[in-house]
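Residue strings, one per chain:
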Amino acid sequence: MNIMLRGIELRYVLTMQLSQHGPATIAEMLDALAWHGFSVRGRASKAVSDALRWEIARGRVRRLGRGWYGPSYIPRATEHRIHRRVLALRALARAPAKSLLGGHKEGHPGQ
């Protein structure tokens, strides 16, 4: 299942990625998002840089250069909240896709 991230969910996933794995480029973060089953809408590199700009303003991420970001200090309670939310999103991304037909086989009813 591929989950489209935006807003706080995208920011938390990116912040946790940097916190756990260290500095990364935008391309590396996009690869990590895809590996975990996530995607972003629109121009992905812009969505990621916009999300990281928000986290930079809060001091949880730092900009190391053009398109290159690293972790910064995250208060313990905030880190715990981010970690729990990211784990829940990853579990959701790994879950098998639910049928929109309520568990019935695809096709026209009565076939």
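Conventions used here
Residues numbered from 1 in each chain as written. Predicted model: local features only at pLDDT ≥ 70, side-chain atom pairs only at ≥ 80, totals over all residues. Heavy atoms only, no water. Helix = DSSP H or I, 4+ residues; strand = E, 2+ residues; numbered from the N terminus. Buried < 20%, exposed > 50% of the residue type's maximum accessible area, 1.4 Å probe, protein only. Contact = heavy atoms within 4.5 Å. Areas by Shrake-Rupley, 256 points an atom, 1.4 Å probe, with all protein chains shown as cover. pLDDT = per-residue confidence, 0-100. Pairing = 2+ DSSP bridges. Phe/Tyr/Trp six-rings, centres within 6.5 Å; stacked < 30°, edge-to-face > 60°. Lys NZ or Arg CZ within 6 Å of the ring centre and 35° of its normal. Salt bridge = Lys/Arg side-chain N within 4 Å of Asp/Glu carboxyl O.

Engineer: Whenever I open this one, the overall build of the protein chain confuses me. Can you help?
Structural biologist: Helices and strands together make up the secondary structure of the protein chain, namely four helices and five strands. The helix and strand sequence of the protein chain, counted from the amino end, reads β-α-β-α-β-α-β-β-α. In the protein chain, which comprises 111 residues, the proportion classed as buried is 36%. In the protein chain, 63% of the contacts between residues at least 6 apart in sequence involve partners at least 24 apart. As displayed, the protein chain offers around 7500 Å² of accessible surface, 55% of which is attributable to carbon and sulfur atoms.

Engineer: What is the right way to read the environment of L33 from this model?
Structural biologist: Tracing the backbone through its elements, the reader meets L33 in helix 2 (residues 26-35). L33 gets classed as buried once you look at its relative accessible area, which sits at 5%. When the C-alpha positions of L33 and Q17 are compared, they lie 8.9 Å apart, and in sequence the two are 16 residues distant. Excluding residues that lie within four positions of it along the chain, L33 makes contacts with L5, L10, V13, L14, F38, V40 and V48.

Engineer: Help me understand the confidence of the model for the protein chain in this model?
Structural biologist: Close inspection of predicted coordinates is inappropriate in any region flagged by low pLDDT. Averaged over all residues, the pLDDT of the protein chain equals 88, while 86% of them reach at least 70. Here residues 104-111 scores under 50 on pLDDT; set against residues more than four positions off or in separate chains, the count is three contacts.

Engineer: What is the right way to look at the pairing of strand 4 (residues 61-65) in this model?
Structural biologist: Regular strands show a simple pattern: their side chains alternate between the two faces of the sheet. Relative to strand 5 (residues 68-71), strand 4 runs antiparallel, the two being bridged by four bridges. Residue pairing across strands places R63 opposite Y69, the latter belonging to strand 5. Two successive antiparallel strands, strand 4 and strand 5, enclose a turn made up of two residues, where G67 displays a positive phi of approximately 70 degrees.

Engineer: Can you help me understand the packing of aromatic side chains in this one?
Structural biologist: Within a pair of aromatic rings, the relevant descriptors are the distance that separates the centres and the angle that separates the planes. Taken as a whole and judged by the stated rule, the model has zero aromatic pairs. For R58, the ring lying beneath its charged end belongs to W54, and the centroid distance is 3.7 Å.

Engineer: Sorry if this is basic, but what is going on with the pattern of salt bridges here?
Structural biologist: A side chain with one charge can pair with a side chain of the opposite charge if their charged atoms come near. Going through the model one piece at a time under the given rule, you end up with four salt bridges. A salt bridge links R11 to E55, with the nearest nitrogen and oxygen atoms 3.4 Å apart. With R11 in helix 1 (residues 7-21) and E55 in helix 3 (residues 44-57), the pair connects residues that are 44 residues apart, well separated along the chain. Taken as a pair, R11 and E55 share a single burial class, namely buried. The shortest N-O distance in the salt bridge between R53 and D50 comes to 2.6 Å. Here D50 and R53 lie together in helix 3, a separation of three residues that amounts to about one turn.

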